[in-house]
Amino acid sequence: MDEGLDIITFLGLPAHSGPPDVSIVPLAFELTTSYGSGTQDGPLACLVASAQVELYDDLLGTELPDNSVISTQPVWEGSAPTLRDQLDQLEAHASQFFSGEVFPLFLGGEHGILPPIARAARFHPLVSGDLESLTIVQIDAHADLRSSLDGEVFSHACAASRSLDVGVGRVVQAGVRAYCQEEFERITTDGRISTFFAKDTQHPHTGREQWEVWLDELRSLCGPVHLSLDIDGLEGALVPATGTPVPGGLSYWQVVESIEVLFANPNAVVISSDINEIVPQNDTPLTEFTAACLAAKTVACHLLSKKEGRWYRTKRETEVPVSGSYFVDFQAAPVSTSRRE
Ligand SMILES: [Mn+2]
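*Asks:* Help me understand the overall build of the chain, please; the structure alone is not making it clear to me.
*Replies:* Helix and strand content of the chain: 9 helices and 10 strands. Rg of the C-alpha trace for the chain: 18 Å, near the compact-globule value of 20 Å for 341 residues, within the 12% margin. Its C-alpha atoms give the chain principal-axis dimensions of about 60 × 50 × 45 Å. A total of 341 residues make up the chain; the buried ones form 51% of that total. Sequence separation of 24 or more characterises 77% of the internal contacts of the chain that already satisfy a separation of 6 or more.

*Asks:* How do you make sense of the sheet that holds strand S9 (residues 223-230) when you look at a structure like this?
*Replies:* Backbone-to-backbone hydrogen bonds join strands into a sheet, with any given pair of strands oriented parallel or antiparallel. With parallel pairing, 8 strands are arranged side by side in an open sheet as S4-S1-S5-S10-S9-S6-S7-S8. Pairing within the sheet leaves two strands with one partner each, and these edge strands are strand S4 (70-72) and strand S8 (193-197). The mean angle between the axes of side-by-side strands here comes to 15 degrees, regardless of whether they run parallel or antiparallel. Pairing geometry for strand S7 (residues 170-176) and S8, over 5 bridges, is parallel. Looking at the pairing, Val172 lines up with Ser194 of S8.

*Asks:* Explanation requested: the packing of helix H7 (residues 207-220) against helix H8 (residues 252-264) in the structure shown.
*Replies:* The description of two packed helices rests on the angle between their axes and on the distance between the axes. Running from N to C, H7 and H8 cross one another at 30 degrees; their axes reach a closest spacing of 8 Å. Comparing the axis directions of H7 and H8 gives the class roughly parallel. Seen along the crossing, H7 lies across H8 with a hand that is right-handed. On the side of H7, the interface is formed by Trp211, Leu215, Leu218 and Arg219, while H8 contributes Gln254, Ser258, Val261 and Leu262. Looking at the contact of H7 with H8 residue by residue, the class counts come to 5 nonpolar, 2 polar and 1 charged.

*Asks:* How should the environment of Leu145 be read in this particular structure?
*Replies:* Considering the arrangement of structural elements, one finds Leu145 in the loop between strand S6 (135-139) and helix H4 (159-165). For the pair Leu145 and Arg84, spaced 61 residues apart in sequence, the C-alpha to C-alpha distance is 19 Å. Residues in contact with Leu145, not counting those within four places in the same chain, are Ala160, Ser161, Glu183, Arg186 and Ile187.

*Asks:* Even after reading the chapter, I still don't get unusual backbone geometry, so can you show me in this structure?
*Replies:* Trans peptide bonds make up most of the peptide bonds, and negative phi angles are found at most residues other than glycine. For the bond from Leu64 to Pro65, the omega torsion is 10 degrees, close enough to zero to count as cis. Within the secondary structure, Pro65 sits in the loop between strand S3 (62-63) and S4. Phi at Asn67 is positive, roughly 60 degrees, even though this residue is not glycine. Assignment of secondary structure puts Asn67 in the loop between S3 and S4. Residue Asn67 is classed as exposed on the basis of its 8 C-beta neighbours within 10 Å. Its identity is not glycine, yet Asp150 carries a phi of approximately 50 degrees, on the positive side. Summarising the element assignment, Asp150 is placed in the loop between S6 and H4.

*Asks:* Would you explain the pairing of S7 in this entry?
*Replies:* Sheet faces and side chains relate simply in a regular strand, where the side chains alternate between the two faces. Of all 7 residues in S7, 6 are buried; the element is thus mostly enclosed. Where S6 and S7 come together, 5 bridges link them in parallel fashion. Within the sheet, the bridge partner assigned to Ile136 lies in S7 and is Val171. Each parallel crossover has a hand, and the one from S6 via H4 to S7 is right-handed. At this point the chain moves from S7, through helix H5 (residues 181-189), to the parallel S8, and the crossover so formed is right-handed.

*Asks:* Sorry, what's going on with the pairing of strand S5 (residues 103-108) here?
*Replies:* S5 sits mainly inside the fold: 6 of its 6 residues count as buried. Alternating residues of S5 divide into Phe103, Leu105 and Leu107 and Pro104, Phe106 and Gly108, and every residue in both groups is buried. Sheet analysis places strand S1 (residues 22-27) next to S5, joined by 6 bridges and oriented parallel. Considered in S5, the bridge of Ser23 is made with Pro104. Here 3 bridges tie S5 to strand S10 (residues 268-276), and the two strands are oriented parallel to one another.

*Asks:* Looking at this structure, how should I read the packing of H8 against helix H9 (residues 286-307)?
*Replies:* Between H8 and H9, the least distance of the axes is 9 Å, while the angle of their chain directions is 20 degrees. One element, H8, and the other, H9, form an angle in the roughly parallel class. Relative to H9, the crossing made by H8 is right-handed. For the pair formed by H8 and H9, the contact residues are Tyr252, Val255, Val256, Ile259, Glu260 and Phe263 on the first element and Thr290, Leu294, Lys297, Thr298, Cys301, His302, Leu304 and Ser305 on the second. Its residues placed into classes, the contact of H8 with H9 shows 8 nonpolar, 4 polar and 2 charged.

*Asks:* Even after reading the chapter, I still don't get the nonpolar core, so can you show me in this structure?
*Replies:* What tends to happen in soluble globular proteins is that the nonpolar side chains get buried as a cluster. With 94 residues, the main nonpolar core has Cys46, Leu105, Leu107, Leu262, Ala295 and Val299 as its most contacted residues. No other element matches H9, which puts 11 residues into this core. With residues near it in sequence (within four places) discarded, Cys46 still touches Leu107, Ile278, Glu288, Ala291, Ala292 and Ala295.

Analysis parameters
- Residues numbered from 1 in each chain as written.
- Predicted model: local features only at pLDDT ≥ 70, side-chain atom pairs only at ≥ 80, totals over all residues.
- Helix = DSSP H or I, 4+ residues; strand = E, 2+ residues; numbered from the N terminus.
- Rg over C-alpha atoms; globule rule 2.2 N^0.38 Å.
- Buried ≥ 20, exposed ≤ 12 C-beta atoms within 10 Å, placed from the backbone.
- Contact = placed C-beta atoms within 7 Å.
- Pairing = 2+ DSSP bridges.
- Axes fitted to C-alpha atoms, helices over the stretch in contact; angles between N-to-C directions.
- Parallel < 35°, antiparallel > 145°, perpendicular 65-115°, else oblique.
- Left-handed = near helix turned anticlockwise from the far one by under 90°.
- Nonpolar A, V, L, I, M, F, W, Y, C, P; charged D, E, K, R; others polar.
- Right-handed = clockwise from strand over helix to strand, strands pointing away.
- Core = buried A, V, L, I, M, F, W, Y, C linked by C-beta atoms within 7 Å.

Bear in mind that shape data such as this cannot, by itself, settle questions of function.
Structural data, given as structure tokens:
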């Protein structure tokens, strides 16, 4: 790693000693991007942009870090020779942040980071080996439910399918507006998946009603939750540098509202989050700055939920064994939908 990277901290906060309340975990992971590239540089660009984000959060009513310790981890770069080896490495790296004592916010990197993060979540005390209890809330232009893309089952386009395959109980997703027939059929037949299509929530006349249904879904979740925010879920104009910008997406304020409503749910505990598909923009920092603003909002909502007693610092009792080579040996589960011939 280049010298000096360790001095770039989230929000430009001074490095702090002591046990962190929040860990910002940059993941320079880009092995399967299919259109635009540059996601490996996204996390660092987001950290640099975050120094310009205002520290005051209106919901928290004070400035970050609000007497908490927010630590910025060194940028993780996979060193293993193959994609599958890197996924194992990534899972082992992510596992450190599921002790229950810290809230991790992973910065990606392509969305392919999700399955190893989700699998690492099984070590969180509230999940405690039962990944079925975990819900992934996904904001994304894409359903990410393909069985494979270009022959690769660990493509970023399969992030949600592979997360279900590693054992996650539910995926609820909004902003979705780019998907293939296989994905649509899976959405309509797999009871573990709830999809809120952008054509419904963003409809010029009836969108408001559908948006309320999405918010009610977030209010009704129970148990541990991982929030996975693919920034291409936002309207493409806000994040033009992301790998696959798509028109017709969520507004900035809709994503803010989704984060606030999710963290306010008294029956769910958001144990971790990621913001992914960040790509540095050449002519303006809009893409990485948008991601940094949403990262700050996520951290503020976590700190508020902690203040208000919806998050508990729990300690893992036993050490996490290194998971071996799960992804190397991974066999994709048979696709549960049958395609019409
Ligand atoms: Mn995605």
